[in-house]
Amino acid sequence: MAANTSPIFPLTPHIEWGATALATANTAKDGTGIVMTVFTGQANGGRVDFLKVRSIGTNGATVLRIFINNGLTNATPANNVLWHETTIPATTLSEVAQLADTLIPLGIDGLSIPNGYKINLTIGTTIAAGLMCSGVGGDY
């Protein structure tokens, strides 16, 4: 079987984000239920370099769960895999000090995903103000 012996690089930058703030708990560990999609592989696939998570106000601490979905409905558990979890710290809104971002690198060289695959997010506890989340990478 022949293997690709040349490195591949993204052709087009790709930044994607959830349409609304992520604030409602989803305790399912199988990727079902309400999720926020932050990256979708395009025609030739894509590479996600990192996720950026930003609190938009006062929130309690929660866990952010990152799922890879195979492009089919996330309502079927077999279409999803829990890929990573990270703690999102509590924040207090301020008009004189910044709220901390959480940057989540997805591997040493990013995470390559096929056409139609998605990166979906959930949180473990309901939070007051919510989180804005985005995926940053490129399309092949």
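Procedures and definitions
- Residues numbered from 1 in each chain as written.
- Predicted model: local features only at pLDDT ≥ 70, side-chain atom pairs only at ≥ 80, totals over all residues.
- Heavy atoms only, no water.
- Salt bridge = Lys/Arg side-chain N within 4 Å of Asp/Glu carboxyl O.
- Buried < 20%, exposed > 50% of the residue type's maximum accessible area, 1.4 Å probe, protein only.
- Helix = DSSP H or I, 4+ residues; strand = E, 2+ residues; numbered from the N terminus.
- Core = buried A, V, L, I, M, F, W, Y, C linked by side-chain atoms within 4.5 Å.
- Contact = heavy atoms within 4.5 Å.
- Pairing = 2+ DSSP bridges.
- Axes fitted to C-alpha atoms, helices over the stretch in contact; angles between N-to-C directions.
- Polar contact = N/O pair within 3.5 Å; in protein donor to acceptor, adjacent residues only side chain to side chain.

Draft legend 1. Region of the structure containing the pattern of salt bridges. For the structure on display, the rule yields four salt bridges. Between Arg47 and Asp49 there is a salt bridge; the shortest N-O distance is 2.6 Å. Look at Asp49 and you get partly exposed, because its relative accessible area is 24%. A salt bridge links Arg65 to Glu85, with the nearest nitrogen and oxygen atoms 2.6 Å apart. Within this pair, whereas Arg65 is found in strand 4 (residues 62-69), its partner Glu85 is found in strand 5 (residues 80-88), the two being separated by 20 residues in sequence. A residue is classified by how much of its surface remains accessible, and Arg65, at 9% relative accessible area, is buried. Look at the salt bridges and you will find they share partners, linking Lys52, Arg54 and Asp101 into a network.

Draft legend 2. Quick peek at the nonpolar core. Of all hydrophobic cores here, the largest spans 22 residues; its most connected members are Leu51, Leu64, Ile119, Leu121 and Cys133. At the level of elements, strand 2 (36-40), strand 3 (46-55), strand 4, strand 7 (111-113), strand 8 (118-123) and strand 9 (131-139) are the ones that each hand at least two residues to this core. Residue contacts for Ile119: discarding those within four places in its chain leaves Met36, Thr37, Val38, Phe39, Val48, Leu51, Ile66, Phe67, Ile68, Leu111 and Ile113.

Draft legend 3. Inspection of the sheet that holds strand 5 at higher detail. In spatial order, the strands read 2-8-4-5; together these four strands make up an open sheet with antiparallel pairing. Bordering the open sheet on either side are strand 2 and strand 5, each of which pairs with just one other strand. Strand-to-strand twist of the sheet, defined as the mean angle between neighbouring strand axes without regard to direction, takes the value 25°. Here strand 4 runs beside strand 8; their pairing, made up of six bridges, is antiparallel. Paired with Phe67 across the strands is Asn120, a residue of strand 8.

Draft legend 4. Structural view of the side chain of Thr32. By secondary structure assignment, the location of Thr32 is in the loop between strand 1 (12-17) and strand 2. You can call Thr32 buried: its relative accessible area is 15%. Within the structure, Thr32 has its side chain in polar contact with the side chain of Asp30 (distance 2.6 Å). For Thr32, the residues in contact, after removing those within four places along its chain, are Asn26, Asn74, Ala75, Thr76, Pro77 and Asn80.

Draft legend 5. Looking closely at the environment of Thr12. Tracing the sequence through the fold places Thr12 in strand 1. Taking the C-alpha atoms as reference points, Thr12 and Leu82, separated by 70 residues in sequence, lie 27 Å from one another. Residues in contact with Thr12, not counting those within four places in the same chain, are Gly138 and Asp139.

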